[in-house]
Amino acid sequence: MRYERCMIKQRLSIPVIAGVLTFVFHLFANPHYGFFRDELYFIICGFHPQWGYVDQPPVTPLLAAGSQLFGHSLFLLRAIPAAFAGASVYVVCLLVAEFGGAAFAMVLAALCAALCPVLLAFGEKVGPDMVGLWLWPLAALYLVRIVKGGDRRQWLGVGAAIGVSAESKYSVLFFALAFFVGLLLTPERRIVFSKWFVAGAGLAIVIALPNFAWQAVNGFPMWELLRAGQNGKNVILSPVAYVMAELIVTNPLLSLFWIAGFVWLLLRPSLRFLGYGFAVLIVEMIFSHGKHYYPADVYPILFAAGGVAIEEWTRSLQFVRPVALTVAVLAGLLLLPYVEPILPEETFIRFNQTVGPKLGMSAISTEHLKQTWMTQDWADMHGWPQLASAVQHVYDSLPSSDRAKAVVFAQNYGEASAIAFFTNVPVISGHNQYYLWGLHGKSGEVMIDVNGECWHDLHLYRSATRAAVFSNPYGMPYEDHMPIAVCRGIT
């Protein structure tokens, strides 16, 4: 009896310990380099609270802005994804317990979920995917408990998880449809025939409705944005290439564990719906031309199953278990500098120059033949305060008569948001949500143009004077040596 109580206590403590350790790790590893381009945009959007935005639902911007209410703080901002990452690993361990796994399965699954590159990235910086990192596996946890005969009122938990996720990123709709299809393909479809399923679906709709209403009132700009992405910058992958991309973003070695979980789920009649759901989700993403990271919040579920699978398959091969744990840790640590800003810039550049080519990566280049060995994520965390300071200096140097009507024009939301965040200078842009925010009452008669057209094309303004050149050696090449011009007199 004492042994059983000890085992129960152990199984209850591991999820808490794993979740807290993941949170603490991110808390110290996350807040380095500087604010990410998208994070600045989220903050500025959140400072203009609405039920929706051109390119996203409201949850992420509101959380990001909330972290900055008492002043600029990268630590508080990055604590948000850290909390979601910790909550995700906690739920992974609970899923392991529901799958029948013990301590080893929990530890292995927690390590895989915590060190998987794409999931690490979701827990590293503020973004729409961080919410699903917790809520997708939480929805699956409620489903498993219902299938096992639990209270069907837990459908309300499923609905709440789906609804809140939808207010962060629309890809959860693919997840919900996929796992609903997975249920319909198995005898577990019986749990759908319940008033609580209807109640859960209704709750999800009620939570998600304000944002969809905002999209409808504004002509569904998100739909147009997605269409533009599919016809433009989004790389369309073949089914084989898409699956290979999934192996890469989850780490080729760590992917062995979620593949084991996928197989294990298919072999368990009562849990087969989860395996079917994952397969349907990937098919949905392939045919909708989704990016390779869009379905990634599903992998905590598969890592939980993978931990149980390895535990079951090694009962008579106990010596294999330390090997599996070691492989998971080493595989995760190898790629850690690519998903956590833990190395000083010059050290990372040397690391990337050495390791990158062996992983098939090369320097980022542009049409101007500039290169950087910083990854795009790390490059986009550099230079923003300096850019804002340069623009502020140009603005302050204007005659008072010009300052009264001057406005800054930035080419993209990252540049615009950095200027808006670090200064009080009025800034406009035509990019994403900035398009709807318009001109802020400015005529454009005097414009500070950041890397824009008025410097290159004097047909736009009667005069254009280069006032400064912004250098950003660690940033993206196209944002290094940017001219900042003062343009007067619209033609």
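Residues numbered from 1 in each chain as written. Predicted model: local features only at pLDDT ≥ 70, side-chain atom pairs only at ≥ 80, totals over all residues. Heavy atoms only, no water.

Student: I'd like a description of the overall build of the protein, backed by residues and values.
Tutor: Along its length, the protein carries 24 helices and 7 strands. At 25 Å, the protein has a C-alpha radius of gyration in line with the 23 Å of a compact globule built from 491 residues. Counting only residues that meet the buried cut, the protein has 54% of its 491 residues in that class. Taking the contacts inside the protein whose residues are at least 6 apart along the sequence as the reference set, 73% of them involve residues at least 24 apart. Within the structure as shown, the protein displays about 21,500 Å² of accessible surface, and the carbon and sulfur contribution to it stands at 67%. (Helix = DSSP H or I, 4+ residues; strand = E, 2+ residues; numbered from the N terminus. Rg over C-alpha atoms; globule rule 2.2 N^0.38 Å. Buried < 20%, exposed > 50% of the residue type's maximum accessible area, 1.4 Å probe, protein only. Contact = heavy atoms within 4.5 Å. Areas by Shrake-Rupley, 256 points an atom, 1.4 Å probe, with all protein chains shown as cover.)

Student: Run through the side chain of Gln154, naming residues and quoting values.
Tutor: The residue Gln154 is located in the loop between helix 7 (129–147) and helix 8 (155–166) in this model. Not counting residues up to four positions away in its chain, the partners in contact with Gln154 are Tyr142, Arg145 and Ile146.

Student: I'd like a description of the pairing of strand 3 (residues 406–410), backed by residues and values.
Tutor: Where burial is concerned, most of strand 3 is hidden: 4 out of the 5 residues are buried. One ladder, built from 5 bridges, connects strand 3 with strand 5 (residues 446–450); its direction is parallel. The residue bridging Ala410 from the neighbouring strand is Val450, located in strand 5. With 2 bridges connecting them, strand 3 and strand 4 (residues 427–428) associate as parallel partners. From the neighbouring strand, Val408 faces strand 4, where its bridge partner is Val427. Following the chain from strand 3 across helix 22 (residues 413–422) to the adjacent parallel strand 4, one finds a crossover that is right-handed. (Pairing = 2+ DSSP bridges. Right-handed = clockwise from strand over helix to strand, strands pointing away.)

Student: Any chance you could break down the packing of aromatic side chains for me, citing the residues and the numbers?
Tutor: Taken as a whole and assessed by the stated rule, the structure comprises 23 aromatic pairs. Plain terms: the ring middles of Trp155 and Phe197 are 4.9 Å apart, the flat faces sit at 80 degrees to each other, and that makes the pair edge-to-face. Taken together, the residues Trp155 in helix 8 and Phe197 in helix 10 (residues 195–217) connect sequence positions 42 residues apart. Measuring from ring centre to ring centre gives 5.4 Å for Trp258 and Phe278, while their planes differ by 65 degrees; the resulting arrangement is edge-to-face. Of this pair, Trp258 sits in helix 13 (residues 255–266) while Phe278 sits in helix 14 (residues 272–287), placing them 20 residues apart in sequence. Its relative accessible area of 5% is what places Phe278 among the buried residues. Joined through ring pairs, the aromatic side chains of Tyr41, Phe42, Tyr413, Tyr434 and Trp437 make up one cluster. Lying over the aromatic face of Phe36, Lys125 brings its terminal NZ or CZ to 5.1 Å of the ring centre. Across from the ring centre of Phe104, 4.9 Å away, lies the NZ or CZ of Arg321, which sits over that ring. (Phe/Tyr/Trp six-rings, centres within 6.5 Å; stacked < 30°, edge-to-face > 60°. Lys NZ or Arg CZ within 6 Å of the ring centre and 35° of its normal.)

Student: I'd like a rundown of the nonpolar core, residues and numbers included.
Tutor: Grouped together as the largest cluster of nonpolar side chains are 126 residues, with contacts concentrated most on Phe99, Tyr299 and Phe303. Those residues in contact with Tyr299, other than ones at most four positions away along the chain, are Leu119, Glu246, Thr250, Trp258, Phe278 and Ile282. (Core = buried A, V, L, I, M, F, W, Y, C linked by side-chain atoms within 4.5 Å.)

Student: So what about the layout of surface pockets? Which residues, and what values?
Tutor: Taken as a whole, the second largest pocket spans an internal volume of roughly 440 Å³. Contributing to the lining of the second largest pocket are 23 residues, with Ile162, Ala176, Phe197, Ala201 and Ala204 lying nearest its centre. Sorting the residues of the lining of the second largest pocket by element identifies helix 7, helix 8, helix 9 (172–184) and helix 10 as the ones contributing at least two each. Top element by residues in the lining of the second largest pocket is helix 10. It accounts for 8 residues. Of the residues in the lining of the second largest pocket, the class split is 20 nonpolar, 3 polar and no charged. (1 Å grid on protein atoms, 1.4 Å probe; cavity = no way out; pocket = protein on both sides within 12 Å on 5 of 7 lines; lining within 4 Å. Points joined across faces, edges and corners; volume = space filled by probe spheres on them. Nonpolar A, V, L, I, M, F, W, Y, C, P; charged D, E, K, R; others polar.)

Student: Could you give an account of the side chain of Thr250, with specific residues and numbers?
Tutor: Secondary-structure assignment places Thr250 in the loop between helix 12 (239–249) and helix 13. Only 2.7 Å separates the side chain of Thr250 from the backbone oxygen of Glu246, close enough to count as a polar contact. If near-sequence neighbours (up to four positions away) are discounted, Thr250 is found in contact with Cys116, Pro117, Val118, Ser255, Trp258 and Tyr299. (Polar contact = N/O pair within 3.5 Å; in protein donor to acceptor, adjacent residues only side chain to side chain.)

Student: Give a description of the packing of helix 8 against helix 10 that names residues and reports values.
Tutor: Where helix 8 meets helix 10, the axes come as close as 7 Å, and the angle between the chain directions of the two elements is 20 degrees. Taken together, the axis directions place helix 8 and helix 10 in an arrangement best described as roughly parallel. In terms of crossing hand, the pair formed by helix 8 and helix 10 is right-handed. Here Trp155, Leu156, Gly159, Ala160, Ile162, Gly163, Val164 and Ala166 of helix 8 lie close against helix 10, whose contacting residues are Trp196, Phe197, Ala199, Gly200, Leu203, Ala204, Ile207 and Ala208. (Axes fitted to C-alpha atoms, helices over the stretch in contact; angles between N-to-C directions. Parallel < 35°, antiparallel > 145°, perpendicular 65-115°, else oblique. Left-handed = near helix turned anticlockwise from the far one by under 90°.)

Student: I'd like to hear about the sheet that holds strand 5, residue by residue, with values.
Tutor: Strand order across the open sheet formed by 5 strands is 4-3-5-7-6, with mixed pairing between neighbours. Strands with a single pairing partner mark the edges of an open sheet, and in this sheet they are strand 4 and strand 6 (461–470). Packed on one face of the sheet, helix 20 (residues 384–396) meets strand 3, strand 5, strand 6 and strand 7 (482–490) and runs near 35 degrees to strand 7.

Student: Any details on the environment of Ile43? Residues and values, ideally.
Tutor: Relative to the helices and strands, Ile43 resides in helix 2 (residues 37–46). Apart from residues no more than four positions distant in its own chain, Ile43 is found in contact with Phe35, Ala64, Ala65, Gln68, Leu77 and Phe421.

Student: How would you sum up unusual backbone geometry? Please name residues and give values.
Tutor: Residue Asn251 is not a glycine yet carries a positive backbone phi of 80 degrees. Mapped onto the fold, Asn251 is located in the loop between helix 12 and helix 13. Using a relative accessible area of 4% as the deciding quantity, one classes Asn251 as buried. One non-glycine residue with positive phi stands out, namely Asn432, at about 50 degrees. Tracing the backbone through its elements, the reader meets Asn432 in the loop between strand 4 and helix 23 (433–437).

Student: Describe the state of the cysteines, with residues and values.
Tutor: Any covalent bond linking the sulfur atoms of two cysteines counts as a disulfide. Tallying each qualifying case throughout the model produces 0 disulfides. For Cys116, which is in no disulfide, the shortest distance to another cysteine sulfur is to Cys112 and amounts to 8.5 Å. (Disulfide = S-S within 2.5 Å.)

Student: Let's hear about the environment of Gly200: which residues, and what values?
Tutor: In this fold, Gly200 is placed in helix 10. A residue is classified by how much of its surface remains accessible, and Gly200, at 3% relative accessible area, is buried. Setting aside chain neighbours within four positions, we find Gly200 in contact with Trp155, Leu156 and Gly159.

Student: Could you give me a rundown of the pattern of salt bridges, with the residues and numbers involved?
Tutor: On inspection of all chains with the given rule, the structure shows 13 salt bridges. The partner of Glu445 in a salt bridge is Arg462, with the nearest N and O atoms 3.5 Å apart. Taken as a pair, Glu445 in the loop between helix 23 and strand 5 and Arg462 in strand 6 lie far apart in primary sequence, 17 residues in all. With a relative accessible area of 29%, Glu445 lands in the partly exposed category. (Salt bridge = Lys/Arg side-chain N within 4 Å of Asp/Glu carboxyl O.)

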